[in-house]
Number of protein chains: 2
Amino acid sequence: MALENTQVCLAAYPRGAATSDNFVLRQEPVPEIASGEVLVRNIYLSCDPYMRGRMSGGVGYAAGFSLGEPIPARVVGQIVQSRNPAFSEGDFVWDFLRWENFTRLKDVRALRKIDPTLGPISHAISVLGMPGRTAEVGMIDIAQVKAGETVFVSAATGAVGSVAGQLAKAAGARVIGSAGTDDKVRHCLENLRYDAVFNYRSEPPARALDRLCPEGIDVYFDNVGGETLDAVLARIKPFARIPVCGMISQYDGGGYPLRNAGNVVGKRAMMRGFIIYDHMQDFDTYPTRMAARMRRGEVRYFDDIVDDIENTPAALIGMLRGDNVGKRLVRISDDPTR
Amino acid sequence: MALENTQVCLAAYPRGAATSDNFVLRQEPVPEIASGEVLVRNIYLSCDPYMRGRMSGGVGYAAGFSLGEPIPARVVGQIVQSRNPAFSEGDFVWDFLRWENFTRLKDVRALRKIDPTLGPISHAISVLGMPGRTAEVGMIDIAQVKAGETVFVSAATGAVGSVAGQLAKAAGARVIGSAGTDDKVRHCLENLRYDAVFNYRSEPPARALDRLCPEGIDVYFDNVGGETLDAVLARIKPFARIPVCGMISQYDGGGYPLRNAGNVVGKRAMMRGFIIYDHMQDFDTYPTRMAARMRRGEVRYFDDIVDDIENTPAALIGMLRGDNVGKRLVRISDDPTR
C-alpha cells in the first residue's frame with residue numbers, strides 16, 4: 001500500500017473553459033480510521049460534465065466545489081481497512097468520495113457495495129450507475145419513448161447519451177445522434193446501434209437534422225443545449241418530448257439565445273430538466289435491470305479510461321472538450337477484477 | 001330577421017401586425033337550409049389571440065384561414081330555423097362557426113346547447129367555455145398548483161389569464177400578474193383577486209419580478225413568451241412548472257432570443273405547450289364545475305363587449321394590441337337573456 005495519499009484539489013475557479021491551472025496536487029499521509037469507519041483504496045475516479053458547473057461556484061441544485069479541497073466525485077474503490085461491521089476488507093464499493101488515492105469514510109450510510117458479477121466494477125459509476133440511470137429516467141420515465149418514433153440524442157457517445165440512444169433503439173425507435181469527431185460518429189454506428197449520426201463540428205445541426213430526420217423529431221434527449229437545442233425546437237413533431245439532461249455547450253457561461261422556443265406551444269411540446277438525485281427512489285433495482293439488458297445485447301458500453309491520478313485534471317478538461325469516446329474514468333490503482 | 005348576411009372575410013395575410021386592410025366585409029343573402037340542417041342567428045363572435053397565428057397561414061396545430069372566406073371563430077347564437085330534430089327554434093347554442101350574421105349549419109354534430117341558467121350565454125365561449133377550460137388545463141392539470149406556491153400569470157386580465165390567476169388563488173397560492181395598462185392593473189387588484197400586479201409597459205418584467213417575488217416563481221402561466229418568459233426562466237424555483245398557453249408577443253413573427261433556458265436543467269423545471277383541443281375529453285363536465293366556482297365567488301369574469309359586426313376587425317386588432325379588459329366579444333345581434 002502506498003504511504004502517500006495524492007489529492008487533486010481545486011486551486012481556482014475557472015473563467016471560461018477549465019484549465020490545468022485550476023487544479024493543484026497535494027500529498028497527504030494516508031489517513032487513520034476510527035471505530036465505525038472504513039478506508040477505501042480508490043480505483044476509478046469519475047469525470048462528469050456536471051462538474052464544470054460546480055467548479056464555478058455551483059449550479060441550481062448544488063453548491064460549488066470548495067477552493068483548496070479535493071474535488072468531490074463518484075469513485076469506485078475497494079475496502080482496505082474496515083472498522084464497521086457492514087463492510088469487509090476486499091469489498092468493492094462506490095460512493096461520492098473525492099479525487100484522491102485513499103478516502104477515510106466516517107459516514108458509510110451512502111456507501112454501496114458493488115456486485116462484481118454484474119459487470120466490470122467500473123460500470124458501477126457508469127452504465128450500471130448514475131449515468132446509466134440518468135439515461136433511463138430521461139428516455140423511459142420522462143420521454144416515454146415509443147416504437148416507431150424518431151429520436152435524437154446529442155453527445156451520442158457520452159456516458160449518458162450512449163445509453164439513452166440504445167434504450168430508444170431497444171424500444172423500437174429510429175435513433176439519430178450527434179457527436180464531435182468522426183471517430184465518435186463511427187463508434188456510434190459500429191458499436192452503439194444508432195441509425196444515423198452526424199458530426200456537429202463539420203455540419204450545422206439544422207442542416208444535418210433536415211437531412212437525417214426530414215419528418216421531424218419526437219424525442220430529443222438534450223445533453224448540450226444551445227444551437228443544437230434551437231435547431232431541434234424548429235423541427236419537433238406534435239407532442240414532442242425534450243428531457244433536458246444537461247447543456248454542456250453552455251457550462252462555460254453565456255446563455256445561448258434560443259429563437260425557436262415558440263414551437264413549444266405550436267407543437268404542444270414538453271421540455272423538462274431533470275437531475276438524477278431527484279430519482280433515486282428507484283435506483284436500487286437499476287443495476288440488475290440494466291445488466292439484464294446488456295446480457296440481451298440491447299445496450300453495449302465503453303469506458304474511456306485514463307491512467308494515473310496526476311492525469312485527472314487533464315482527463316476532465318479533455319472530456320469537457322469532447323476528447324473521450326465513452327465514459328471518461330481515471331484508473332488510479334489496480335483493478336483486481338480486470 | 002335581417003334580409004342580409006354580413007360576413008367578415010380575410011382579404012390578405014398580414015405582414016407584422018394585423019390591420020383593417022386584412023379584412024373585407026361582404027353581403028350575402030341569408031342562406032336557406034335543407035333537411036337535417038339548422039340556421040343560427042349569431043349573437044356573439046369571439047376574438048381570440050390564437051387567431052393571429054391562423055391569419056398568417058397556420059400554426060403548428062391548425063391550418064391557416066382561407067383568403068376570401070369568412071373568418072372561422074367561436075360563436076354564440078340562437079337557432080332561428082331547425083330542420084333537425086335535435087335542435088329547436090329558440091335554443092341557445094355555440095360552435096366553431098364564422099364571423100357572419102347567419103350561419104347555415106349542415107353538420108350539427110359539434111353544435112352544443114347552452115344552459116342559460118349557468119350564467120350569461122356569452123360565457124359559453126369565455127369562462128364557461130374553451131378559454132376557461134384552457135386556464136383549468138394549464139393551472140390545474142399541467143401545473144398542479146399547490147397552496148403556498150408563488151404563481152405568475154402574464155396577460156393577467158385576458159380571457160384565459162384572468163381565470164388562471166383566480167384558480168391559483170383559490171388553490172391557496174400567492175398570485176402575481178402582469179398587464180399592459182394601468183387600468184388592467186387596477187382591474188386585477190380590484191376584481192380578480194391578484195396579490196400583486198405590474199404594468200410590463202412601464203416596468204421591465206425582470207425588475208418587477210425581483211420586486212414582487214424575490215424568492216422566485218413556482219408556476220408561470222405563460223400567455224406571452226418573449227422577454228417575460230426569459231425573465232421568468234431566470235427566476236424559477238426548483239421544480240417550477242411553466243404551462244405555455246400562448247406566446248402572443250411572438251405571433252407577429254420573429255422568435256425572441258431566450259437566454260435563460262439553461263435554468264430548465266439547473267432548476268429541474270418543466271415547460272409544456274398545450275392547446276385545448278387535446279383536452280376535450282373532459283370538456284362536458286367543465287361548465288357546471290366552473291359555474292359552481294363562480295357561485296362560490298372563487299372566480300369572477302368580465303366580458304369586454306364591442307357592438308356591431310362592422311367593428312369585428314377593429315375588435316380583434318385592438319385585442320391583439322391589448323385594448324381589452326376581459327374577454328373580447330363582438331355582439332352582432334340582440335341577446336334576449338340580457
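Residues numbered from 1 in each chain as written. Chains lettered and ligands numbered in written order. Predicted model: local features only at pLDDT ≥ 70, side-chain atom pairs only at ≥ 80, totals over all residues.

Caption draft 1: View of the relation of the copies chain B and chain A. The two copies are related by a screw operation: chain B maps onto chain A through 180° of rotation and 0.1 Å of translation along the axis, at an RMSD of 0.0 Å. Here the symmetry operator amounts to a two-fold rotation axis. Take the interface residues of chain B: 100% of them recur as interface residues in chain A, which is what a same-surface contact looks like. (Least-squares fit on C-alpha atoms with pLDDT ≥ 70 in both. Contact = placed C-beta atoms within 7 Å.)

Caption draft 2: Quick peek at the sheet that holds strand 11 (residues 174-179) of chain B. Spatially, the 12 strands line up as an open sheet ordered 12(A)-11(A)-10(A)-13(A)-14(A)-15(A)-15(B)-14(B)-13(B)-10(B)-11(B)-12(B), and their pairing is mixed. Pairing within the sheet leaves two strands with one partner each, and these edge strands are strand 12 (196-199) of chain A together with strand 12 (196-199) of chain B. Neighbour to neighbour, the strand axes of the sheet diverge by 15° on average, direction disregarded. Relative to strand 12 of chain B, strand 11 of chain B is paired through four bridges, and the arrangement is parallel. Residue pairing for strand 12 of chain B: Ser178(B) is matched across the bridge by Phe198(B). Lying over the sheet, helix 4 (residues 182-191) of chain A contacts strand 11 (174-179) and strand 12 of chain A, oriented at roughly 175° with respect to strand 12 of chain A. (Pairing = 2+ DSSP bridges. Helix = DSSP H or I, 4+ residues; strand = E, 2+ residues; numbered from the N terminus. Axes fitted to C-alpha atoms, helices over the stretch in contact; angles between N-to-C directions.)

Caption draft 3: Fine view of the pairing of strand 3 (residues 38-46) of chain A. Residues and elements named next belong to chain A. Burial of strand 3 is extensive: eight of the nine residues sit out of reach of the surface. Pairing of strand 3 with strand 6 (residues 72-82), which is carried by seven bridges, proceeds in the antiparallel orientation. What sits directly across from Leu45, in strand 6, is Val75. Relative to strand 8 (residues 102-105), strand 3 is paired through four bridges, and the arrangement is antiparallel. Bridging from a neighbouring strand, Leu39 pairs with Arg104 of strand 8. Pairing geometry for strand 3 and strand 17 (residues 327-331), over three bridges, is antiparallel. Across the sheet, the residue bridging to Tyr44 is Arg331, located in strand 17. (Buried ≥ 20, exposed ≤ 12 C-beta atoms within 10 Å, placed from the backbone.)

Caption draft 4: Expanded view of the interface of chain B and chain A. Taken together, the contact pairs 30 residues of chain B with 30 residues of chain A. Elements that contribute at least two residues to the side of chain B that touches chain A include exactly strand 14 (236-244), helix 7 (263-266) and strand 15 (270-273) of chain B. Class assignment for the residues of the side of chain B that touches chain A results in 15 nonpolar, 10 polar and five charged. (Nonpolar A, V, L, I, M, F, W, Y, C, P; charged D, E, K, R; others polar.)

Caption draft 5: Here's a closer look at helix 5 (residues 205-212) of chain B. Residues and elements named next belong to chain B. Along helix 5, the residues that are buried comprise Pro205, Ala208 and Leu209. Down the axis of helix 5, the buried side of the element spans an arc of 95°, and every buried residue falls inside it. Relative to its buried face, helix 5 has exposed residues pointing more than 90 degrees away, namely Arg207 and Arg211. Looking at the packing, one finds that the buried side of helix 5 touches strand 11, strand 12 and helix 6 (226-233). (Arc of directions from axis to C-beta.)

Caption draft 6: Looking closely at unusual backbone geometry. Residues and elements named next belong to chain A. Despite not being glycine, Arg193 has its phi angle at roughly 70°, a positive value. Mapped onto the elements of the fold, Arg193 is located in the loop between helix 4 and strand 12. Exposure remark for Arg193: the 19 C-beta atoms within 10 Å place this residue in the partly exposed category. Even without glycine at this site, Arg268 takes up a positive phi of about 45°. Within the element layout of this structure, Arg268 appears in the loop between helix 7 (263-266) and strand 15 (270-273). Of the residues examined, Arg268 has 21 C-beta atoms within 10 Å and is grouped as buried.

Caption draft 7: Molecular detail of the environment of Ala159(A). Residue and element names in this part refer to chain A. Tracing the backbone through its elements, the reader meets Ala159 in the loop between strand 10 (150-153) and helix 3 (161-170). Ala159 gets classed as buried once you count the C-beta atoms within 10 Å, which come to 31. As for Ala159 and Leu229, which are separated by 70 residues in sequence, their C-alpha atoms are 19 Å apart. In this structure, Ala159 is in contact with Ser126, Pro131 and Lys327, ignoring residues within four places of it in sequence.

Caption draft 8: Geometry of the domain arrangement of chain A. Residues and elements named next belong to chain A. With domains assigned, chain A is organised as domain 1 (4-126 + 302-331) and domain 2 (130-277). Centre-to-centre, using C-alpha coordinates, domain 1 lies 28 Å away from domain 2. On the side of domain 2, 17 residues touch domain 1, which itself brings 15 residues to the contact. The greatest single-element share of the side of domain 1 that touches domain 2, amounting to three residues, is contributed by helix 1 (residues 50-55). When its residues are assigned to classes, the side of domain 1 that touches domain 2 shows seven nonpolar, five polar and three charged. (Domains from an automatic or database assignment.)

Caption draft 9: Molecular detail of the environment of Asp282(B). Within the secondary structure, Asp282(B) sits in the loop between strand 15 and helix 8 (286-295). For Asp282(B), a count of 12 C-beta atoms within 10 Å puts it in the exposed group.

Caption draft 10: Up close: the packing of helix 5 (residues 205-212) of chain A against helix 6 (residues 226-233) of chain A. Residue and element names in this part refer to chain A. Between helix 5 and helix 6, the shortest axis-to-axis distance is 9 Å and the interhelical angle comes to 40°. Relative to helix 6, the element helix 5 is oriented oblique. The handedness of the crossing between helix 5 and helix 6 comes out as right-handed. Contacts between helix 5 and helix 6 involve Pro205, Ala206 and Leu209 from the former and Glu227, Thr228, Ala231 and Val232 from the latter. Looking at the contact of helix 5 with helix 6 residue by residue, the class counts come to five nonpolar, one polar and one charged. (Parallel < 35°, antiparallel > 145°, perpendicular 65-115°, else oblique. Left-handed = near helix turned anticlockwise from the far one by under 90°.)

Caption draft 11: Expanded view of the pairing of strand 15 of chain B. With burial as the criterion, each face of strand 15 of chain B is covered, one bearing Met270(B) and Arg272(B) and the other bearing Met271(B) and Gly273(B). Looking at chain direction, strand 15 of chain A and strand 15 of chain B are connected through three bridges and run antiparallel. Of the residues in strand 15 of chain B, the one forming a bridge with Met271(A) is Met271(B). Bridge count between strand 14 of chain B and strand 15 of chain B: four bridges; the pairing is parallel. Residue pairing for strand 15 of chain B: Ile242(B) is matched across the bridge by Met271(B).

Caption draft 12: Up close: the environment of Asp335(B). Residues and elements named next belong to chain B. As for its placement among the helices and strands, Asp335 is situated in the segment after strand 17 (327-331). With 15 C-beta atoms counted inside 10 Å, the residue Asp335 sits in the partly exposed group. Sequence spacing of Asp335 and Val76 is 259 residues, and the spatial spacing of their C-alpha atoms is 9.7 Å. In this structure Asp335 touches Ile43 and Ile121, once residues within four positions along its chain are discounted.

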